[in-house]
Every structure is written in structure tokens, then in C-alpha cells.
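Reading the structure
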Amino acid sequence: MFICDSWQDYEVLDTGGGEKLERWKDVVLCRPDPQVIWPKANPALWEKADARYLRSSAGGGEWEFYRKLPERWVLELGALKFYVRPTGFKHTGLFPEQAANWEFMRERIKKAKKRPMILNLFAYTGGATVACAAAGAHVTHVDAAKGMTAWAKENRDLSGVPEERTRFIVEDVKAFVARELRRGNRYDGILMDPPSYGRGPGGEVWKLENELYGLAELCAQLLSDTPAFYLINGYTTGFAASVLGNILTRCMNGKGKVDAEELALPVTSGGVLPCGATARWTPDA
Ligand SMILES: C[S@@+](CC[C@H](N)C(=O)[O-])C[C@H]1O[C@@H](n2cnc3c(N)ncnc32)[C@H](O)[C@@H]1O
């Protein structure tokens, strides 16, 4: 299992009854999590929640606030800084478990002989973009959502990462990858964190089970002659780590080494919170 235990500003306090109780610096949030099918370890603790995301029967949901929260606030992890806020959907703009992958990529980037060119697909608010650029890489960040890309730029500036280390592209991932292949552009590291379902800026439909293998295969062709890593993350419930591992092994024709594991966060009251799976390819056999 890849366990992310590097945060001081973030903590999963308890889990139970279909929810997780998390501390985001000084703010305690309670959010739904369909995988949490066990009872709470410490029910009294949940009274500390400052806000709770309530799902509606229609499919959406809304936040219920128990005190006035700042419009947004900052989470720090070493030199990295990120804005977080409760968004209209249940997200906060950061997936803290991804810090386990940031650490892996940071080590690969530090080992590279020249500044590696990294491609971050479905890059959202730029957690990995900022982490890789701060480690010394140049990162091309691709996402369909303008608003998320603007948030990613703010995170880059907040972390003091030089502007010239990043390139932000608002485009459909498949269209961008196809164009980069045609142009002959290559990358030393590629990561993707695709949603189960999504849309490109022009309404292009992304459905994970139909599209992932094809995209992963095209991305394998985008790797340079001096590859540092290729990483696929998946948080779709029910997708085993070995699915992602098999995809990478096939796409890389069995070359190099693939580590595929569940990704998880430690829970202060006991156990771990499952957060999906990651497969990491490295050229070292
Ligand atoms: C939940 S995020 C991934 C999390 C992110 N990698 C992180 O750790 O912070 C999924 C992202 O995929 C983007 N997306 C969905 N479909 C897309 C498409 N067809 N092309 C480009 N981006 C897409 C969404 O805008 C969203 O920002």
C-alpha cells in the first residue's frame, strides 16, 4: 500500500457511517465517502465538525456550516502551499493522499541528469504540477476546466515556483496528446489522474473504462529516450491497483518496473482510509 503520512496541516481524524472527518489545518470538515461502511470509532469527535457536506437524494448535495469559515485558506507541506475551500461539489481543491505520489516523482526528478519535462494530465488545481515544478522539473499542465487551471496558477505562485517552470493548457486531454504526438514533442515523465467520467472544454466525453487504455498507450509513445517515470492514478471505486499496473505493463511492452498499490491515508482513530490506486512505472528493471 502507498500510505501518505507526510502532512501536518491535514489529518483524517475518524471515519464511519459513510463519512470521513478531516482536519484541514484549523478547519474540521465532514464529507461523504461511499467506501466507509463501518461505524465511527469516536462518535463524540464528530461534534467538532465546522461544516458537513450533505448529499441530496437527487444526486448532488450542499454544505451545512456550523461556523463561519474563511472564503479559502492555505495548507502547507514543506515549501508547497495550496489554497483549499469547500467547493459547490464535495471537493476542497486538494487530494492530500496524492502527496505520496508527489514524493515519488520528486525523487525521480532529483535523480535526472537534466531538467525533466513532465506532462500532468487531468491536472485539476495543480497539486502535482506545483510539487514537480518545485522539485526542479518543467511541467505542462493539461485540464479541461478554466477555473481549475486558474486555481493551479494561484497555487504555483503561492508556493513561489517560477512561472517559466510551468505551461498551462486548457484542452481536452485526448486532443492534446494526439497533437503532441504529431508535433514530435516528448516528455521525461508523465502522470495522469483521470476521473471516471468527465468532459473536455468542447464537451468531449471521457469515460474511463472506454478510454483509459487507448490514452495510456498514446502517452507511452510520448515518453522521451530518457524517461524518469510514468504514473497512472485512479480513484474510481472498484478499480483494483492491478488494473492500472497491467495497463502500464502492457503499454510499456513489459520493459522497466511497475509498482501498483492501493493509495491510502492514515486515520488518527485507527486504520486507513482507502483513496484509490496508483501504478508507477520506472525504467529501472
Ligand atoms: C478530480 S481531478 C484529478 C485530481 C488531480 N490530479 C489532483 O490530484 O489534484 C479530474 C480533472 O479532470 C479534468 N477533466 C475531465 N475530463 C477531461 C478531459 N476530457 N480533458 C481534460 N481534462 C478533463 C477535470 O476538469 C478535473 O479537473
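Here the structure is shown first, and the text comes after it.
The paragraphs below set out a description of the structure included in this document. (Residues numbered from 1 in each chain as written. Predicted model: local features only at pLDDT ≥ 70, side-chain atom pairs only at ≥ 80, totals over all residues.)

Description of the pairing of strand β11 (residues 166–170)
- Looking at chain direction, strand β10 (residues 138–143) and β11 are connected through five bridges and run parallel. Residue pairing for β11: V142 is matched across the bridge by I169.
- For the crossover from β10 across helix α3 (residues 146–158) to β11, the handedness is right-handed. (Pairing = 2+ DSSP bridges. Helix = DSSP H or I, 4+ residues; strand = E, 2+ residues; numbered from the N terminus. Right-handed = clockwise from strand over helix to strand, strands pointing away.)

Focus on helix α4 (residues 173–183)
- Inspection of α4 places V173, V177 and E180 among the buried residues, and these make up the whole buried set. Buried residues of α4, seen end-on, are gathered within an arc of 65° and therefore sit on one face of the element. For α4, exposure combined with an orientation more than 90 degrees from the buried face picks out R179, R182 and R183.
- Each element contacted by the buried residues of α4 is listed here: β9 (117–121), β10 and α5 (208–222).
- Looking one or two residues beyond α4, the residue adopting positive phi is G184, at roughly 80°. (Buried ≥ 20, exposed ≤ 12 C-beta atoms within 10 Å, placed from the backbone. Arc of directions from axis to C-beta. Contact = placed C-beta atoms within 7 Å.)

Here's the deal with the nonpolar core
- Membership of the largest hydrophobic core comes to 73 residues, with the highest contact counts inside it found for M105, A131, C132, I190, I232 and L248.
- The element contributing the most residues to this core is helix α2 (residues 127–134), with six residues.
- Counting only domains with at least three residues in this core, you end up with domain 1 (2–78) and domain 2 (95–282).
- Aside from chain neighbours lying at most four places away, what touches I190 is L119, C219, L222, L223 and Y230. (Core = buried A, V, L, I, M, F, W, Y, C linked by C-beta atoms within 7 Å. Domains from an automatic or database assignment.)

As for the sheet that holds strand β16 (residues 257–266)
- Pairing is mixed in the open sheet, where eight strands are placed in the order β1-β16-β17-β15-β12-β9-β10-β11. At either margin of the open sheet sits one strand with a lone partner, and together these are β1 (2–3) and β11.
- α3 contacts β10 and β11 of the sheet and is inclined by roughly 170° relative to β11.
- Helix α6 (residues 241–251) rests against β15 (229–234), β16 and β17 (272–282) of the sheet, and its axis sits at about 150° to β16. (Axes fitted to C-alpha atoms, helices over the stretch in contact; angles between N-to-C directions.)

Limitation: the analysis is restricted to geometry and does not speak to function.
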